[in-house]
Amino acid sequence: MSAEAHLAFACFGGVASVHVLGSDEEQGRRLAEQGRELLLDAHRRLSRFEPASELSRLNRDPRTEVPASPLLRRLAAAVLTAGMRSGGLVDATLLDAIERAGYRSSLEGAVPPPLSRTELAAREQAPAGPSATSGWRAVKVDAEAGTVIRPPGVRIDGGGIAKGLMADLVGEALAGAKAFAVECCGDIRLGGSSGLRRRIRVDDPFGTVPLHEFEIDAGAVATSGITRRSWGGSGAGLAHQILDPASGRPAFTGIVQATALAPTALEAEILAKSALLSGPESAESQLPFGGVLVPVEGEAKVIAATGAHLGMAAA
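Here the structure is a predicted model, which means the values were calculated and not measured. (Residues numbered from 1 in each chain as written. Predicted model: local features only at pLDDT ≥ 70, side-chain atom pairs only at ≥ 80, totals over all residues. Heavy atoms only, no water.)

(A) View of the overall build of the chain. A tally of helices and strands in the chain yields seven helices and 18 strands. Taken over the C-alpha trace, the chain has a radius of gyration of 19 Å; the compact-globule value for 315 residues is 20 Å, and the two agree within 12%. With respect to the three principal axes, the spread of C-alpha positions in the chain is 55 × 50 × 35 Å. Here the chain holds 315 residues, and 53% of them are scored as buried. Counting contacts in the chain only where the partners sit at least 6 residues apart, residues at least 24 apart contribute 65% of the total. Summed over its atoms, the accessible surface of the chain is roughly 13,600 Å², and 51% of this surface lies on carbon and sulfur atoms. Side-chain charges of the chain comprise 32 positive and 36 negative groups, with the mean position of each set lying 3 Å from the other. (Helix = DSSP H or I, 4+ residues; strand = E, 2+ residues; numbered from the N terminus. Rg over C-alpha atoms; globule rule 2.2 N^0.38 Å. Buried < 20%, exposed > 50% of the residue type's maximum accessible area, 1.4 Å probe, protein only. Contact = heavy atoms within 4.5 Å. Areas by Shrake-Rupley, 256 points an atom, 1.4 Å probe, with all protein chains shown as cover. Lys, Arg positive; Asp, Glu negative; His and termini not counted. Charge placed at Lys NZ, Arg CZ, Asp CG, Glu CD.)

(B) View of the state of the cysteines. Throughout the structure, instances matching the rule amount to zero disulfides. Cysteine C11 remains unbridged, with the sulfur of C184 as its closest cysteine sulfur at 5.4 Å. The class for C11 is buried, based on a relative accessible area of 2%. Residue classification places C184 among the buried residues on the basis of a relative accessible area of 0%. (Disulfide = S-S within 2.5 Å.)

(C) The pattern of salt bridges, seen in detail. Across all of its chains, the model carries 19 salt bridges by this definition. The residue R36 makes a salt bridge to E33 at a minimum N-O spacing of 2.8 Å. Taken together, the residues span about one helical turn, with R36 and E33 both in helix α1 (residues 25-46) at a distance of three residues. Measuring nitrogen to oxygen at the nearest pair gives 2.8 Å for the salt bridge that ties D61 to R63. Among the residues examined, D61 registers a relative accessible area of 14% and is labelled buried. Salt bridges sharing common partners tie together D41, R44, R45 and E54. (Salt bridge = Lys/Arg side-chain N within 4 Å of Asp/Glu carboxyl O.)

Shown next, in the form of structure tokens:
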């Protein structure tokens, strides 16, 4: 069997990687490079931190209907999908709120140490809820006209949705390979014709030993957590990047990390974030394909992988 090509690089404020087993080493390298270029191009076009990006231009545009590239239309469609699938918990139109919370510029290179269990346990915990305005419902795509439609002032923050979407799009481009794995800052898409199984470790947000391993040859995994991107210190000003849509403030729900398995990375991203925002009583119901939940208090819980047709099995 030919050697697998591996590329790792900075992207979307973190680290992305592409791994491809081709029919020979040259094809593997070529396909891996293709995947890297797709991710870097998406980073340039979908970053809310770059004023010249296509997403930033859309967010500033005073028109209701704006011409948009196929990539931006896919992101806009994903915004609506995420809102619908999560009952409004995964809302990618909270950009005003996340900026008010203090996340106005990229945290790359300036991320503080992970939050401790003690710091998080000191905060009042409550499940999140949907926004009363539900701006995501107003985001539409006109594929025939090549436009995105939304009321002026409704701004999109791609965030984890964009990462899951891009892992899937790169996976689609690599589908003809013997095996591939695409990781976009924690959102992973796997596949290929050979059925190669990979071990996917779920990290402990409060420790160094992995909590669990899944063996997967096809499908996706995504993890959503609140311990690694925070600001404002450890007191009342403590904030992180995952908001409660109902309040527009950082969510402290009793779940600090959720990992979801699913057929696609976009779906896994939606399910993981939904589980985290739902709180301990409802989180497990958001993981129909399996996953791992880490509560503020108590032991992590593994939900067994289901759906053998997806190439998933517990290690």
